Every structure is written in structure tokens, then in C-alpha cells.
Amino acid sequence: MINYILRRLLILPFILFGVTILIFSMIMMLGPYQRLSTYIEDPSQLKGGDVDQLITKYGLDDPWYEQYGRWVSGVLQGDLGWSESAGQPVTEAIASRFPATFELAIFAVIPVVMGGIWLGVLSAVHHNDKLDHTIRIFSTIGWSFPTFVFGLLVLMVFYGILGWFPPGRLDNWALTVVMSDGFTEYTGMHVLDGILNGNFDIVVNSFRHLIGPIFTLAIVWWSFILRITRSSMLETLSKDYIRTARAKGVSENVVINKHARRNALIPVVTVAGPMVLGLLGGVVITETVFGYRGLGQYAAQAAAQLDYSGILGVAMYFSFLLILINLLVDVSYAVIDPRIRLE
Amino acid sequence: MEWNEIIARLFKNKLSLIGLIIIAFFLLVAILAPVIAPPADADEVYQIPRAGWTMEPQPPREGYPFGTSQGSYDIFYGMIWGTRTAFRIGFIVVGISSFIGISVGTISAYYGGLIDEIFMRITDVFMSIPFLVAAMVMTTILGKGLNNVMIALVVFGWMGTARLMRSQVLEIKNEEFVQASVALGANDGRIIFKHILANCIFPVLIQAFMRMGSMVITAAALSFLGVGAPEGYADWGQMISFARDWILGGGDSALKYWYTVIIPGSAIMLFSLSWNLLGDAFRDILDPKLQDNS
Amino acid sequence: MNKRVVVLMLSLVLVFAAFSVAGAQVKNPDTFTFVTLGDQSTLDPHFAYDTGSSEVIYQTYESLIQYDGESVNDFLPLLSTKVPSAENGLISEDGTTYTFPIRQGVEFSNGNPLTPEDVKYSIIRGMINDRSGGPIWMLYEPLFGMSGLSDLTQKVVGVKDPKTLTAEQSAKVYAELDKKITIDGNNVTFHLAAPYPPFLNILAKGASWSSILDKEWSIAQGAWGGSPETIAEFHDPLKEDDPLYDKMMGTGPYILTEWVNGEHVIFRRNDNYWGEPAPFKTAVIKNIDEWSTRKLMLLRGDADMVFVPRQYKSQIRGEEGVTITDGYPELQNMNMVFNWDINTKGNDYIGSGELDGNGIPANFFYDLDVRKAFSYAFNYQAYIEQVRMGEAIQLRGPIVSPLLGYDADSEVYSLNLEKAEEHFKKAFGGELWEKGFSMTLVYNSGNDGRKVAADMLKSYIEQINPKFNIDVRGVQWSTYLDASVKGTLPASFGGWLADFPDPHNFVQPFLHSDGYYAGKRGQAYQDWAEETGLNDMIAKGIATQDKAKREAIYKEIQQISIDQAIDLWVDQATGSNVRRSWVTGWYPNSMRPGVDFYIMDKVAE
């Protein structure tokens, strides 16, 4: 197993190389003037000679391998470059946004997976009857409306009308507390930091800000987990040993809860990994609606501004996470199902 | 199981019948678009006509049965011609990306070894770039336009199919009948097409059905981020994105602009639902183990 | 559960058709929160040239003088104890020296006292910094009659790129800079190359480049150290290498607490402020791009003031507890720039590139009749009423209201398809009408106002003659910039936000051969402006001190730009402000970059 893990980790540099080359060559298909757009918000600020001066200043008309070389040699020295779209070095930009998104993704995964599995099992057990149809139709509705529609509705109901779950990450007063010297930001995740600092007002406040986005994500992702659980559960229910158990007169509850569900969850584990990754990358819209400054929003912003060091930084980060999560899934798969051997 | 039997079962199942009817309805709308909503300008049929210049959406009224959206775009026209766009995006993107995915997955699993390693690492590379980032960079390079959106959706949308196909083929590769053909010296092409593809294709097909429906929603997400179809192009995703700043209504009523959300929303939902129902029905029919059970 | 949730949500939406609004009680009386969109580019006053950055700089830094209330022509003292004028003798008779007596007893927020040396350092540091694409040309133009440091190095030591100056050359150049600002006791005097009527505007608060830095502190951060020999090292830095990029030290009423780009800027009160202490303990600028979220924050009272795009204002008009002020002029215009000399190389916006019915020739817009026909084929009234929701006035040339030379009664174009047809028939000796044309109007996607303008021209011009064909195409920002630099766009959209409230700041970029927009019209226009004497008129306008004479010159320039239909002059937006009714003290000033926390207070209604 250790061998397997090492081998997977050794692949990482190759993937990183592939990703960066792919992105770099895509961006370099654009001319220097087009890439200058990263640095210019309002062209009317430019005077006659400025354009060429700026091209030289940022080295935009150098051959692509020189630009790539410059970037790589920076990376090898631990410097991922300057992200113009964030106005920060790439490492800082990612480090400051990742905890926010990670916190959101982790808290969202729990209700999504639990709720999704529950609904999926329910749907499978009541295969083809009314409950099954209702669940499936509502899940399709959840899947079919664009995320921003739900996001805005959640915001309107729970913030606009009820005033419970405000947008952003913290209220102004909480922000002041978090910034103050008496509060140590260990992780950048406010809920965890609040607990570590023993300041439960912060925990409550940051939770209140998290619920809106979590709820929105849950509506959208439930149907995804539900569908997988349902089909896997249906398959398991048709397996020989279940039929044997039923034939032996084991009660239906025990069959479902003890025998079927555990086995049906294996495929769910496989998709949970990619789902976390999907959540990390796919929260752009939720983050935008809730004014929640996270990684997804940054990725979109960097891409929209063609900020190549930003895009490369995010993509490398994702490659790393992808390998890591796949590895975790493989290993946990092997732990759950002893028939699988890691080679 | 024979195809005609599959189809017969599809019609027998109530849910899949509903799915089929909805799809047939949309297909009819798409085909009859020039009759239902005659274009003003024959050169640019996908350009939604404007009822005026005002930005604020206006409710349904004479001549504009569904009202007008942000920027005075005729919602009715956009919905009718958007049906064509939905089918076009669905068929082309799902078709091509499934083809790429199936090829990569099959070759990878069948030959194994170094080829598998290389193909799967390439897949990892493509998966490492968040889809929305990739789509944004792509449209910046290629320029705005529906075709370019479709290219981006294909280039960064085949990996799921490839992985699914690979795992399917891996499972079946060691089955006796495949091994027997290998032992008998059948050539690779024959084995792949005759034995492997025929036995692995259904999960991929089911997945493709689901993706047909979700393509419209992906297009909406892209419109939201400003990299979807060009402004004013008849596309459901864009129609619902027009509602973005009006969903919460205004002044006297939270439901003041309901038509900007409900109309395109329902169309997207029905479209997606029908493909899902069809996909589910397919799975129920094709999975022999399930039949024994029922 | 899923079902229940959806049902719950829908029923809630139905039941609470109206929002519950926080009562008349003031929420968070100690904090002021302004929610807007966008972000800040930098905190360095000499680097900043965007509204977002200037807005932050405005709260913490101060300049020598400030505007008096809503006026953009009257000043009040600030760090200078007097506003120089000819009457008080602080402006010399020939209009070339300005003297400012520096206020005593002022401290920066770190406790360092303000000295005349700080003032001199600040301006010279700016002129050395002079980043490409930055605002510092506004200091060079009055002081040297040049457009930047490279012009000066070229003249003094013959070096075009200041980054290659040797120590010796640097010292020579510095000597020139040094002469322009002199200190005499407590007075700082600026020596101009020639009279420059808007010079005080360039030094007034709101113009971030005129901010006064703490010399000692700036040097400690790594900014230019005051040595004459190091110009090359400190000229035109990369943003990330600029030591003042994310730090601030001013004399203003607020101190920067935290800047998280694109999320928020938090200020705290400067308890050591030399003037009246600021009313709020904490002031916050929050950046939220989603309109609906901003709207809810305002309605809940979590935001005291929000930015509202005009098309959404109808959504909040009449809400309880919300005050809207609108209709005051903004010094900002929008026009469509005709390219008189289209670059045909690799250009896919002009069809065949010839006058054959399938494209347009390079000199399409050089023809006065074509320009006039376009100007008559635009529905100004509908644009202002429906797109701008009535919050704009039609442009009468580049100069906006209420600047010198603006005449509310001058003649302008209006939608008139008969006249447009008449001019199209005359264009190119009738050939154009005969053969027709085909072209693409390009706008940068996401800009709805520009898209509507292009659609409008398309719809009216295609009505005039079926052989006329216009495509409207939205392109990504990068493509737009690229085409705009290369000069391939047949017509492009433009606009200008005043750097300083003087007609010169509008006629120079729009009409002078060296101006930014003249570049968009190509060489043909630049020659035309030189030959017709337009350039001379602009030069005369800025060099004239007599107000009446200046006004006459600018009126004439306005008239020419309409008579010649140099561009399609669309509109000048009027401003608006949306805030909670408990906010008091706010007033508009079109030279202020956004919010001013210092002038406001929160009082229960």
C-alpha cells in the first residue's frame, strides 16, 4: 500500500507540468495587446507611447518559452508570481481564499451526503411507487434551476425577510474582532478559529453566514448523491445475498439497513471525492451571490482577466487536490472493500 | 434484448412515456420555430428581436405573450428559438464528448500498461483545470459565440465518460467470453466492437441522457459568468440569466418580474426532467438484474 | 425533506410579498458601511488612476486644498492655510507661481509632524514614480509643459527611457525637478512653465496624485529616498514592487485598518486628527458585485449607502427608510468614436474593406456626410429616457455641463431619418447610396449601454436603405482592447471621466491630435485637426487666463465638434446616490471619488 501511495505521489510533477503547459500554450495563443488587458481597466488612461512601454514592462512580446521559463524558474524558487487580478502574490491569494471555500465545502458536504443518501435509499426502497417519483421529480427541479436562482431565493427568504442568514463571511463587528490582536487566525476558517480562540460569538456569527450558501449548494447537489445512491441501492437489493436474506425471513428493515445500505455506499465513496473537488471549483456562483470571497470566485476572476499566474496557480492547486483526493478515495475503497487490492 | 423491445418497454413505462412526450413536444417546437415565431431578419434568426430599448422587464402583453426581459428582449421568441439551441448544444456536445470519452476509456482499459497510464494522466490534466476557468480562457481565445462555447464544453467535458468507460471495460475484460475470443485469436477491433462495446455502452448511454439535460444549465452558468452565448442570442440559459437582477422583484411586489424566471426556468426544468426520465427508464429496462427483482 | 423545503420556500415567498424593513432606529450607529461593486487597484496615491483606489486614498490622505461643498470651482484651505488667488497675491501676476502656506501643528497618523519638506517630497516622488499609464502627466503638463518624465529626460540629457539614466544624468534631471518646487520658511511655491488655469484643481483633494505623504515614513517603507541620483531605480515600478502599494500614512480623518482587495476596506477614526474628529469609529467600504445582495443589505439596514445601477433604481424607489438623491451632473460623457482612418490589415470588422456594397473603405468615416448621417440615425431621446432611465443629458460636443464652454442652448443632432437619408445620398458622391455597405459595430460584452447604442444605429440605418447592413458583435475585453490599439474598429465606444473639472481635460483627449481619442480616429484625423487649426485653438484655450476669452474659445470648439460630427456625441450621465434615510450630511460633488465618510453622520429619523 505504501508503495502504491508513493507511486501516485510521484505522478504529481508530471501532471503539474502537463497542466501548466496546457494553460500556458492556450494563453499564449493570444497576442500581446490582448494579454495587456490584464493590466488595463480603462484604455482612455493610456497615452500615445504607453501601450508599447507597458508591453515591454511586462515582457509580453517575449517568445512564449521565455515567459514560461521565467514563470517556472520563479516556481522552482517557491514564488508562484504576482496575481494582477487579486492584487496579491498568487500564494497569498490562494492561501487567503482557500480556507473560506474549504470551510464552506466541508460544511456543505455533510448535509449533502447525509441528505442525499437518505433520500436515495428512500427512493430505492420505494422503487417505482409514488414516493420514489416525487423524490425524483423534486431532485430534478433542484438540478434543473441554475444555482443563482436558488441562491437569490435563499438570500431573499432567509436574509431579506427573516434576517437570519446574512451574506458575506462575517458581520462588521465580528470582522473587527477577528482582525484584532486578541484573536489568532490559526486556520483562516472562522468557525474553527472561533473554537480555538474560545470565542463562540464568532463561531455563531460565521455559522450564520455559512448557512445560506450551504443550503443553496445542498439543493443543487442532493440530487447528484441521491441518484447515485438510488441506483447503487437498487443494484445491491437485487444481489443474491439479499435475496437469500429475504428468503430466510430476515425483516425488511434489517435487510435494508444492515445488509444492503452498507454495500450500496461503496460507489458513493467513489463519487464523494470528485464531489469535494467539484464543490471547491463549482462554488463560483454561490460565492458570487453571497458575496463570499473564496477560491471559486478567484478562479473565475483570474480567468476573466487572463491573469495567467493566477490561473496557473489555481490549476496547480487543483491538480494537487485531485491527486490527493483520488488517493484518499482509492485507499478508503480498499479499506471498505477487502476484495480490492491496491497494486 | 432487441431494440424494438426496448422501445416497446419505453412506451409501456408511464414515466418514460411522459419523458418521450415532452421531448417530442420540444422537438416539434424546434422544427416549427419559423412558423411559431417568424424571424424579422432571415439572416439572423437566432437574434432575439427587441421590443424597445428599455432595460426593465415588461410583463406579458399583446404581441409579447411571455413579456419582455431585461433589455426588452422578446421572451417568447427567445424561448421558441432557444429550443433549437438547446437541442443543438445537447446533441453536438454530448455526442462528440461521449465519443472522445468512449474511445479514450476503451483503449486505455483494453490495452492497459503504458497506454493506460498515459491516457489516464492526460485525463487527470484536463480534470485539474476547473471547468469554468477553462471555459473562460477558451472563449477569450476563440471569441464569443455559441460554437466556441460548444468547443469549450467538448474539450473539457469528456473526462467523466472516459473514466466511466474505462472502469466498465476493465470489469468486462476478464470475463470468460472476452478471454475466449482473445484465445481464439480474434483481432482487437473485433473484440472491442463485438464484445466489449456492446456490453459496456449502456451505462455510458444513460450518463449521456442525463448530460443532455444538464447542458442547458451549464450554458446558463456560463452566461452568468459572461462567457456564454452572445448577448441577445436565443438561448434558454441566457434567458434565465437575464432574470438575475430582477428575481427579487421590486418596490411593491417581490413577484413583479416573475415571468423572467418562471418561463425559461420551466422550460429548462421540463427539458432536463424528460431526459432524466428517459435515462432512468433506460437503466431500469437494460439492467437485467433489476428486472428479476421487479 | 427536499419537497418540504421547496414548499416552505415558495410559500414564504408568496406570504412575504413585501420586505420587512428595519425600523427607524439607527443600526450600528458607530459604523458606516458603503457597499459598492468593483475593487481597488492600489493604495499608492501616485500609482492610482481609478475611482476605486482614489476613493480609499480620499479617506486617509489629504491635499493642500479641498473643494468647497458641491462646487468644483471654489476651494477651501486644507493642509495649506490659504487658497492661493491673484487677490491674496499667492498666485503671481503672470499666473506661473503658486504659493501655499503650510498649516502648522498637523500630524500624520503615526505622530510625525507635517512639514513643507513633506509637501515637496510628495510631489517630486510622484514625478519620479510617473508610472506608464498613470496620472502623473497632470503634474508635468503645468510644471513643464510636457507629458511625462521621459519627455524631460529626453530634453535634459537626451535619454528617452528614464530607467536607463546613469547617476550623473539622474542628478541633472533632478536639478530640473528641484527648481519647480521651492520652500521658503513655511511656504511652498510651485513654478509653472506657463499659466495653467486649472492648476488648483490638480492639487485639490480628490485628485489622489496631489496627496501629501510623510517623507520619513515613505522612505522607511522603501519609497524613493530623496537622492537625486536614483531616479532610474524608482521610476515606473511594477505594481508589486511599489512599496506603498498596500500601505497608507496620511493626515486624514481616517486610518486604514485592513484592505482585502475586492472584499472590503476597513478604516478606523484618526483620534489625533487636526480638525474636527470624524463621526464614525469605523468606516467600511464593502465590494459586492451582485446587485440583489447589495439591495437586500440596504433594505435590511446593514448597508448605509449602496451603489445602484440606474436601471435597477425602480426596484427600491419608494422603499421605507431609503433616500435617493439624483439628477446632479457627473463630469462624465459617452460617445461613439468614428475611426476616420481604419486599419484594414487583418480586419474582419469592415467586410471587403472596399466601397462595393460588401464592406466599408478605410476612409468611410472621413466623409463628413457619413458622419452626419450616423449622427442623425441615433435616437438620443429614447436612449436617455429608456436606457439611462432619464438620468442623462444629451452631449453638445466633448465638454460636459457645467464646465466653461458648455452652452445648454447650442444646436445638436436628433433622430431624423430623412436628413440621415439625405446625407447618405450625398456621401462618396452618391456611390455609397448606390452600392450600400456592410460593417460590424463592436462593443465589449457586458456593457449593456453600448450594446443598445449599437443596436439602435443598426435598426435605424438598416431601415434607411436595404443595402446598408450593420452587424453588432460583443467581444471579450481583451479582444476589444487589442482591436482598439490596432485601430481596426470602424467605430468604438468611448467615454471620459474628468481628471479635473476644466474643459481642457475634455477637449484635449477628445479633439487634440495628441489626445487619446484622436489616436482612435487615425492619422487622417490627426492631420485634419492640425490643418484646420483645431490643435492651436486647444493650446490657446489652456494658455488663456481671461475667463470670458476662454469661454469663447471652448464654445467655438464645441460648435466645430458638432458641425463636423467628429464623433457621435451621445450623453452625459447624471449622478445619483442611494442611502438609508438616517444618513445626514451627504452632498454631491462630482470631483469626489465616491463616498466621503467624514462629512456624514447617522441620526435617528
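What counts and what doesn't
Residues numbered from 1 in each chain as written. Chains lettered and ligands numbered in written order. Predicted model: local features only at pLDDT ≥ 70, side-chain atom pairs only at ≥ 80, totals over all residues. Heavy atoms only, no water. Contact = heavy atoms within 4.5 Å. Buried area = accessible area lost by both parts, 1.4 Å probe. Salt bridge = Lys/Arg side-chain N within 4 Å of Asp/Glu carboxyl O. Polar contact = N/O pair within 3.5 Å; in protein donor to acceptor, adjacent residues only side chain to side chain. Helix = DSSP H or I, 4+ residues; strand = E, 2+ residues; numbered from the N terminus. Patch = residues over 30% accessible without salt bridge, like charges linked within 9 Å, V, L, I, M, F, W, Y side chains within 5 Å. Areas by Shrake-Rupley, 256 points an atom, 1.4 Å probe, with all protein chains shown as cover. Lys, Arg positive; Asp, Glu negative; His and termini not counted. Charge placed at Lys NZ, Arg CZ, Asp CG, Glu CD. Domains from an automatic or database assignment. Nonpolar A, V, L, I, M, F, W, Y, C, P; charged D, E, K, R; others polar. Phe/Tyr/Trp six-rings, centres within 6.5 Å; stacked < 30°, edge-to-face > 60°. Buried < 20%, exposed > 50% of the residue type's maximum accessible area, 1.4 Å probe, protein only. Lys NZ or Arg CZ within 6 Å of the ring centre and 35° of its normal.

So, about the interface of chain B and chain A. Taken residue by residue, the interface counts 49 residues in chain B and 52 residues in chain A. Between chain B and chain A, a total of about 4400 Å² is buried, with carbon and sulfur atoms accounting for 75% of that surface. When residues of chain B are sorted by the area they lose upon contact with chain A, Ser128, Ile141 and Phe224 of chain B head the list and together hold 12% of the total. At the junction of chain B with chain A, the criterion picks out zero salt bridges. Between chain B and chain A we count one residue pair in polar contact (both at pLDDT 80 or more) in total. Mapped onto the side of chain B that touches chain A, the elements with two or more residues apiece are helix H4 (113-128), helix H5 (131-142), helix H9 (188-224), helix H10 (236-241), helix H11 (258-286) and helix H12 (288-293) of chain B.

Another point: a negative patch on the surface. Residues and elements named next belong to chain C. Together, Asp341, Asp514, Asp527, Glu530, Glu531 and Asp536 give the surface a local cluster of negative charge. Counting residues per element, the negative patch draws most heavily on helix H18 (residues 516-531), at three residues. Locating Asp536 in the fold gives a position in helix H19 (residues 534-543).

Turning our eyes to something else, we now look at the side chain of Ser16 of chain B. For Ser16 of chain B, the location among the structural elements is in helix H2 (residues 14-36). Once you skip the residues sitting within four places of it in the chain, Ser16 of chain B turns out to touch Arg9, Leu10, Leu277, Leu278 and Ala281 of chain B.

This part is about the domain arrangement of chain A. All names here are of chain A. Taken domain by domain, chain A consists of domain 1 (2-88) and domain 2 (98-336). Between the C-alpha centres of domain 1 and domain 2 the distance comes to 32 Å. When the two sides are added together, the surface that domain 1 and domain 2 hide from each other amounts to roughly 2200 Å², 72% of it contributed by carbon and sulfur. On the domain 1 side of the contact with domain 2, Arg8, Leu12 and Ser85 bury the most area, a combined 23% of that side's loss. Contributions of two or more residues to the side of domain 1 that touches domain 2 are made by helix H1 (2-27) and strand S1 (82-83). The element best represented in the side of domain 1 that touches domain 2 is H1, accounting for twelve residues. Across the side of domain 1 that touches domain 2, the residue classes tally to 15 nonpolar, seven polar and two charged.

In the structure shown here, the tally under the stated rule is 80 aromatic pairs over all chains. Seen in terms of ring centroids, Phe26 of chain B and Phe271 of chain B are 5.7 Å apart; in terms of plane orientation they differ by 70°. Their pairing is edge-to-face. In this pair, Phe26 of chain B is assigned in helix H2 and Phe271 of chain B in helix H11, connecting sequence segments 245 residues apart. Overall, the relative accessible area of 6% leaves Phe26 of chain B in the buried class. On the basis of an interplanar angle of 70° and a centroid distance of 6.5 Å, the ring pair of Trp496 of chain C and Phe510 of chain C is categorised as edge-to-face. A residue pair is termed long-range when its members are at least 10 positions apart, and Trp496 of chain C in strand S15 (residues 491-497) and Phe510 of chain C in helix H17 (residues 504-511) qualify at 14 residues. Taken individually, Trp496 of chain C and Phe510 of chain C each receive the classification buried, so the pair is uniform in this respect. Each residue in the set Phe338, Phe364, Phe365, Phe374, Phe424, Phe428, Trp433, Phe437 and Phe468 of chain C is aromatic and connected to the rest through ring pairs, giving one cluster. When the ring centre of Phe144 of chain C is taken as reference, the NZ or CZ atom of Lys180 of chain C above it lies at 5.0 Å. The ring of Tyr58 of chain C carries Lys205 of chain C above its face, with NZ or CZ at 4.5 Å from the centroid.

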